[in-house]
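This is what each chain is made of:
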Amino acid sequence: MYISSLSLANFRNYTSEKIEFSPYTNVIYGDNAQGKTNILEAVYIFSQGRSHRAKSDKELIKFGEDFSRLSLDFHDSERDYTAAMQLMKNGRKNIKINHVQITKLSKLMNYLNVVMFSPEDLELVKGSPSARRKFIDSSVSQLYPRYLTSLIDYHKALGQKNSLLKVLRAKGAKSDMMLSVWNEQLAAEGEKIIKYRTDFVKLINNFSAAIQNEISGEKLQISYMPGMRASGDDKDSIYEYLEKNQRREIDLASAQVGVQRDDLHITINGSEAKIYGSQGQQRTSALSMKIAQADYIHHIKSEYPILLLDDIMSELDINRRMYLSQKIRDKQVLITSTDTDLIESTDNTKLFKIKNGSVVREE
Ligand code: ATP
Ligand code: MG
């Protein structure tokens, strides 16, 4: 899959710009704070429906303007797509693909597949469990809209349950019928979420182990660490386990167990990477996991996602840079950098110099 052109109007520091991409490597370079990441962000929004970094869509609209318009042409092995998006100051967002309005985020997700890799992702191994859950969720929901629906429904029910737990603690209650109703919903969605996550982790483990072995000869292993110790993965066992925790959860006035506590257990040569891994080993593992994420999408969909590499080259040593360069040679990549020397150029590489929200040079 590849993107051919992106148009931006009143997006971040861009007033009006149209960029035509190479189907291979695209290097977006320039000084700090000129608008390089803004371009990757614009592409990412078409895949995930929201920015990878903004808290609200309003941040994306150019200062002093009322709306922002973006459009993106992309292609997979079956057909061509034109996606258009309008972001309004009042928070409304309008997305169309091939002129058809997209009403649900879960309907947008499986058109354009991207993998974004930025320096924060190098924390994937040693950072918090939420970063690893985000890694799982963004990979799986791009391919399975039903997973995203379950995740949204789960979190809605969890929010309701947490509000109820606060009320119950204030009342000094020991149990509650309504709590069981939420637990039933959480168990039903939880069962589906666990199934998708289990399948994902098996594949990502295989792919990342092969990549890690190629980069460093180390044995990387990733396994699924569930956020609860239910006797089984079926909804009845999960429900039973959630119910068993009622007292404790009321006492603490918040949900303590469930898939919202899931994590990945990552080992290198048998030792836990978060605790025993060296800085370099942790970064190599994170790199392996992110490349594996792209391999996973390719495996399931038979389309390689677009890679958005934000300032990543300067964070990698020469060996890892070479590995990555060789891996991406025949794929479409958008790479931002302040320094073009770190990026291998081929005949198919296009370079864009960005200055103050404009492409000032293209070669
Ligand atoms: P770095 O090399 O430091 O990562 P960058 O080129 O990737 O820089 P971006 O993050 O793409 O920089 O863009 C940052 C610029 O965009 C800043 O100058 C910022 O002030 C500007 N900017 C961000 N949001 C808006 C907005 N809503 N309206 C206008 N300008 C904005
Ligand atoms: Mg940047």
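For clarity, every value in this text was computed on a predicted model and none was experimentally measured.

Engineer: Help me get a handle on the overall build of the protein chain, residues and values and all.
Structural biologist: Across its full length, the protein chain holds 10 helices and 15 strands. Radius of gyration (C-alpha) of the protein chain: 22 Å, near the 21 Å computed for a compact globule of 363 residues. Look at the contacts in the protein chain between residues 6 or more apart in sequence, and 70% of them connect residues 24 or more apart. Element-wise, carbon and sulfur atoms account for 46% of the exposed surface of the protein chain, whose accessible area totals about 17100 Å². When the 51 positive and 47 negative side-chain charges of the protein chain are each reduced to one mean point, those points stand 5 Å apart.

Engineer: How would you sum up the environment of F46? Please name residues and give values.
Structural biologist: On the secondary structure map, F46 appears in helix α1 (residues 36-48). Separated by 230 residues in sequence, F46 and Y276 have C-alpha atoms that sit 38 Å apart. Look past the residues within four positions of F46 in its chain and what remains in contact with it is L6, L70, S71, L72, A83, A84, M85, L108 and L112.

Engineer: Tell me about the sheet that holds strand β9 (residues 220-225), and name the residues and values.
Structural biologist: What the 3 strands build is an open sheet, ordered β9-β10-β11; its pairing is antiparallel. Of all the strands in the sheet, just β9 and β11 (271-272) have a single pairing partner and so form its edges. The sheet contact formed by β9 and strand β10 (residues 263-268) spans 6 bridges and is antiparallel. The residue of β10 that forms the bridge with M225 is D263. Together, β9 and β10 form the strand contacts of helix α9 (residues 279-301), whose direction differs from that of β10 by roughly 120°.

Engineer: Tell me about the site of ligand 1, and name the residues and values.
Structural biologist: Inspection of the region around ligand 1 gives 16 residues, with A33, K36, T37, N38 and E59 positioned closest. Within the backbone of A33, an N or O atom sits 2.7 Å from an oxygen atom of ligand 1. The contact in question runs from an oxygen atom of ligand 1 to an N or O atom on the backbone of Q34, over 3.1 Å. Starting from 650 Å² of accessible surface for ligand 1 in isolation, the protein chains cover 76%. Split by residue class, the shell around ligand 1 holds 3 nonpolar, 6 polar and 7 charged.

Engineer: Quick one: what's the story with the pairing of strand β2 (residues 14-20), residue by residue and with numbers?
Structural biologist: Judged from the 6 bridges that link them, strand β1 (residues 2-11) and β2 form a sheet pairing that is antiparallel. The residue bridging S5 from the neighbouring strand is E20, located in β2. Counting the residues in the hairpin turn of β1 and β2 gives 2 residues, including R12, whose phi is positive at 50°.

Engineer: Kindly report on the domain arrangement of the protein chain, identifying the contributing residues and their values.
Structural biologist: Its domain assignment divides the protein chain into domain 1 (1-113 + 303-363) and domain 2 (124-301). Across the contact, 21 residues belong to domain 1 and 21 residues belong to domain 2. Across the domain 1/domain 2 interface, buried area totals approximately 1900 Å², and carbon plus sulfur atoms make up 57% of it. When the area that domain 1 buries against domain 2 is broken down by residue, the three leading residues are E303, R320 and Y323, summing to 32%. Linking domain 1 to domain 2 there are 2 salt bridges. One salt bridge connects K327 with D295, and the closest N-O pair in it is separated by 3.5 Å.

Conventions adopted
Residues numbered from 1 in each chain as written. Chains lettered and ligands numbered in written order. Predicted model: local features only at pLDDT ≥ 70, side-chain atom pairs only at ≥ 80, totals over all residues. Heavy atoms only, no water. Helix = DSSP H or I, 4+ residues; strand = E, 2+ residues; numbered from the N terminus. Rg over C-alpha atoms; globule rule 2.2 N^0.38 Å. Contact = heavy atoms within 4.5 Å. Areas by Shrake-Rupley, 256 points an atom, 1.4 Å probe, with all protein chains shown as cover. Lys, Arg positive; Asp, Glu negative; His and termini not counted. Charge placed at Lys NZ, Arg CZ, Asp CG, Glu CD. Pairing = 2+ DSSP bridges. Axes fitted to C-alpha atoms, helices over the stretch in contact; angles between N-to-C directions. Near = heavy atom within 4 Å. Polar contact = N/O pair within 3.5 Å; in protein donor to acceptor, adjacent residues only side chain to side chain. Nonpolar A, V, L, I, M, F, W, Y, C, P; charged D, E, K, R; others polar. Domains from an automatic or database assignment. Buried area = accessible area lost by both parts, 1.4 Å probe. Salt bridge = Lys/Arg side-chain N within 4 Å of Asp/Glu carboxyl O.

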